[in-house]
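Structural characterization, general
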Amino acid sequence: MTTRLTVAQALVRFLAAQYTERDGERRRLIGATWGIFGHGNVAGLGQALVEYADVMPYHQGRNEQSMVHAAVGYARQSNRLSTHAVTTSIGPGATNLVTGAALATVNHLPVLLLPGDVFATRPADPVLQQLEVPYAGDVSVNDALRPVSRYFDRVMRPEALIPAALQAVRVLTDPVETGAVTLALPQDVQAEAYDWPDDFFAERTWTVRRPGADPAELAGAVELLRAARRPLVVAGGGVHHSRAEEALAAFAGATGIPVASTQAGKGSLRYDHPQDVGAIGHTGTATADDLARTADLVIGVGTRWTDFTTASGTLFAHPDVRFLNLNIASFDGHKLSGTPLVADARSGLEALTEALLVHGHRVADSYVAEYGEDKARWERRVDACYAAEEPDARPTQPQVLGALDALVDESDVVINAAGSLPGDLHKLWRARSRDQYHLEYGYSCMGYEIPAAIGVKLAAPERNVWALVGDGTYLMMPTEIVTAVQEGVAIKVLLLQNHGYASIGGLSEETGGERYGTAYRYRAADGTFSGEPLPVDLAANAASLGMRVLRARTVGELRAALAEARAADTPTCVYVETETADTVSGAPPAQAWWDVPVAETATRPSAVKARELYERHVSTRRRHL
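So, about the overall build of the chain. Summing up its helical and strand segments, the chain has 24 helices and 23 strands in all. Relative to the compact-globule value of 25 Å for 625 residues, the chain shows a C-alpha radius of gyration of 25 Å, a close match. Reported as C-alpha extents along the three principal axes, the dimensions of the chain are approximately 70 × 70 × 55 Å. Relative to its 625 residues, the chain shows a buried fraction of 58%. For the chain, the share of sequence-separated contacts (at least 6 apart) that also reach a separation of at least 24 residues comes to 77%. Treating the 57 positive side-chain charges of the chain as one cloud and the 74 negative ones as another, the clouds have centres 2 Å apart.

Our focus in this paragraph is the state of the cysteines. Within this structure, the stated rule accounts for zero disulfides. Cys-445 forms no disulfide, and the closest cysteine sulfur to it belongs to Cys-573, at a distance of 20 Å. Among the residues examined, Cys-445 registers a relative accessible area of 8% and is labelled buried.

Below, the discussion takes up the pairing of strand E4 (residues 30–35). Of all six residues making up E4, five are buried, and the element is well covered by its neighbours. Bridge analysis of E4 against strand E6 (residues 83–88) gives five bridges, and the strand direction is parallel. When the bridges of E6 are listed, Thr-33 appears paired with Ala-85. Sheet analysis places E4 next to strand E5 (residues 58–60), joined by three bridges and oriented parallel. Looking at the pairing, Gly-35 lines up with Gln-60 of E5.

Attention now goes to the packing of helix H16 (residues 397–407) against helix H17 (residues 421–428). Two numbers describe a pair of packed helices, the interaxial angle and the distance between the axes. The interhelical angle for the contact between H16 and H17, taken along N-to-C directions, is 55 degrees, at an axis separation of 11 Å. By the angle between their axes, H16 is oblique relative to H17. Crossing angle aside, the handedness with which H16 passes H17 is right-handed. Contact with H16, carried on its side by Gln-397, Pro-398 and Leu-401, involves Leu-421, Asp-424, Leu-425 and Leu-428 of H17 and no other residues of that element. Of the residues belonging to the contact of H16 with H17, the class tally is five nonpolar, one polar and one charged.

With seven of its 10 residues buried, helix H5 (residues 97–106) lies for the most part within the structure. Every buried residue belonging to H5 is among Leu-97, Gly-100, Ala-101, Ala-102, Leu-103, Ala-104 and Thr-105, and all of these are buried. Residues of H5 that are buried sit in contact with helix H3 (64–77), E6, helix H4 (92–95), strand E7 (111–117) and strand E9 (180–186). Downstream of H5 by one or two residues, His-108 has phi in the positive range, about 55 degrees.

Another aspect to go through is the side chain of Ser-89. Relative to the helices and strands, Ser-89 resides in the loop between E6 and H4. We classify Ser-89 as buried; its relative accessible area is 8%. Within the structure, the side chain of Ser-89 is placed 3.5 Å from the backbone nitrogen of His-39, a separation counted as a polar contact. Here the side chain of Ser-89 touches Gly-40 through a polar contact of 2.8 Å, landing on its backbone nitrogen. Excluding anything up to four places from it in sequence, Ser-89 contacts Ile-36, Gly-38, His-39, Gly-40, Asn-41, Ala-94, Gly-116 and Gln-129.

In this section: the packing of H16 against helix H23 (residues 555–567). Two numbers describe how H16 lies on H23: the axes approach to 10 Å, and their chain directions differ by 45 degrees. In terms of orientation, H16 lies oblique with respect to H23. In this structure, H16 meets H23 at a crossing whose hand is right-handed. Every residue of H23 that contacts H16 at Gln-399, Val-400, Ala-403, Leu-404 and Leu-407 is listed here: Val-555, Leu-558, Arg-559, Leu-562, Ala-563 and Arg-566.

A separate point is the pattern of salt bridges. By the definition in use, this model includes 35 salt bridges. A salt bridge links Asp-435 to Arg-463, with the nearest nitrogen and oxygen atoms 2.8 Å apart. Pair noted here: Asp-435 is in the loop between H17 and strand E19 (437–439) and Arg-463 is in the loop between helix H18 (449–459) and strand E20 (465–470), with a separation of 28 residues, a long-range link. Each member of the pair Asp-435 and Arg-463 is classed as buried.

So, on to the environment of Asp-289. Summarising the element assignment, Asp-289 is placed in helix H11 (residues 286–294). Given the relative accessible area of 0%, Asp-289 is considered buried. A C-alpha to C-alpha distance of 9.7 Å links Asp-289 and Thr-309, two positions 20 residues apart in sequence. Not counting the four nearest positions on each side in its chain, Asp-289 is found in contact with Ile-280, Gly-281, Gly-284, Leu-315, Gln-591 and Ala-592. Polar contacts involving the side chain of Asp-289 include one to the main-chain amide nitrogen of Gly-281, which spans 2.8 Å.

Procedures and definitions
- Residues numbered from 1 in each chain as written.
- Predicted model: local features only at pLDDT ≥ 70, side-chain atom pairs only at ≥ 80, totals over all residues.
- Heavy atoms only, no water.
- Helix = DSSP H or I, 4+ residues; strand = E, 2+ residues; numbered from the N terminus.
- Rg over C-alpha atoms; globule rule 2.2 N^0.38 Å.
- Buried < 20%, exposed > 50% of the residue type's maximum accessible area, 1.4 Å probe, protein only.
- Contact = heavy atoms within 4.5 Å.
- Lys, Arg positive; Asp, Glu negative; His and termini not counted.
- Charge placed at Lys NZ, Arg CZ, Asp CG, Glu CD.
- Disulfide = S-S within 2.5 Å.
- Pairing = 2+ DSSP bridges.
- Axes fitted to C-alpha atoms, helices over the stretch in contact; angles between N-to-C directions.
- Parallel < 35°, antiparallel > 145°, perpendicular 65-115°, else oblique.
- Left-handed = near helix turned anticlockwise from the far one by under 90°.
- Nonpolar A, V, L, I, M, F, W, Y, C, P; charged D, E, K, R; others polar.
- Polar contact = N/O pair within 3.5 Å; in protein donor to acceptor, adjacent residues only side chain to side chain.
- Salt bridge = Lys/Arg side-chain N within 4 Å of Asp/Glu carboxyl O.

Here it is in C-alpha cells:
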C-alpha cells in the first residue's frame, strides 16, 4: 500500500513516528519543529507543518542560530532521548544554522536541521540567495554545514528521502555518533509528490545502546586501579548523557576515590558528596587541581580531555601518571595515551565497582582525610566569595551567584555558556542535582543561554530555569525573549551588566593585550575605548521585547528580585549592575594555566612581561605517552 504525499509532508509524518527507548523509557525522538519561513521552505515544510499540525508541534523562532540552541537545550534536558528539528529557508537562514550545528556536534547533542536548498531541477539558475560556485554546479551554501554535521545529505529526488531519513535517525540516536544532522531539501523537491510505501510511516523505536566493557579491557582497568595509590576520577559530560550519576556515586563511595568534574560533568556528584572535590582544570578548584598534580592514575569518565581540563598539558604532573579512559567512544578512550575502557559510562562504572568490591579495594584513609580537609578549606573560600555583609552595596559577580545559590533548590536549572561567568560558576557553584548545572562550554557560544533556557523549560516545564547572561552575551542574541513571551515560557533571565567583555578583558591583560577593545565605553581622545561607560539600558531593551524586568541596584534588592522572579509564572528578567569589565570579579584566581600564545616579540612592557611568564608555563607542558 502507498500514500501520495509531498516530500515535506512525508518527512513530517515520518519524523512524528520515530521513538527512542533506553532502560524502559520510551520517548518521541522529534518533539517539535522550530522554523522561520522563506521562499526555500514556506511552500514545502511550511505547508507540511500546517497539514500535520496535529502530530508535529511548531515553534516560531526569531533567529535561526538561536532555534538550534533551543533544540540543543531541549535535547540535553531530555538526556539525548528526544530533540527538536529546525527548518529554514535557503541563503542566510541556512548559514545561520552553522554556529548552532557546531555547538551541537562538539557537545554530542542531537538536533535535526532541515534547511531549504536551491532547485534540484534548476529551472532558473541562479535563484534568489543562491551562491554560484564556478567550479561546481552542485554546491550550495548548505555545504557549509558538512564539517559541523555528524551526517549530511541533500535529497535531490523524492525517493531518496527514505534512506536519507533513516540514516539521519540512526545517527541522532547513536550515543557515539550523535550531534547535528542535516538534510538539505531543495525547494522544488519539498513540494514534489510521490507514492510512499505506508511502511515508511510506521512507528519505529530506536534503542539507545548501553554497550558493556570488553572483559580483557575491564581486567586491565581493575589492575591499574588496584595498583594506584593516589587515583582521581575526572567526570565529564558522558556521565550525564549515560545517566551514570548513581553508578559514579556508588563507585566513589565504595573505593574512596575523589571525583573532580569538567564543566560538562559538574553535578555528576552533589557538591556535598564526600568524594566530590569540585571543578578541575583552568577554572577548577584548588582541591581538585592539587590532587591532579599528584595523581598517579587519572580515571576519565565520559570526558574529551579538552585543554581547559588538562591545563593545556600542564596539570597532571606526577612523573608516572597513567590514564584510564572509560568512554563510549573509542576515539576519546585512547586520548592522552590512556588505557581505554570502551563502554557506556554507567555499564562501565557498575562493572568496575563490582570487580573492585571482590578484592575489597579502597584507597588509604589518609588520602581520604587529606582531600576531605582540602575540600572543607575550599568551601570556606566559596563562603567568603558569596558573603555580602553590606546589603546596600553594589554586588560583585560572585555575590550575585551567592544570592542565587541561597535561593534555589535541586529543582532549579542554571544555564550559562560564555564570558567570565563559566569560570566563577565552575569554581563556586554548588550543584544540588544531576541536571541543575547546565554549562555549554564545549563551544562556549555567546548567545546560547536564553534560547537554551526556552528549550530546557519546554522539556521540563515544572522546573525553574535560569539563564545567566552578561551584557556582552545578551547583546549577541536577546531575540528569543520574544518567543518566550509569545509562548508563555516562564524562563528567568539574570542579566549582569559590567560594561564589556570581562572575561576576554582579563585574558587580554594577562597576555599583553592591555584590555584593548574589550570595554563598552566611549572612544577617548587617544583613540582607545577608555571613556565613560556607554549609556546602554539593557533592562529597557528586555522590557521592550515583552519581558517583565526587575531592577536590582544593591545586594538587598537583588535578593528580593531573585525571589520575586523565581515565584513568577511569566518570563522575568532580573537586571543587576556589577563591577565594570576592567575590574576583577572577586572569585579566586585560576588554579591552573591555560595556553593562549603571547607575542614572541613586542616593545610594550606588558607584552614583554607576559611573554616571559608564558615561556615559564610552556616549559612545564608534557605529552603523556
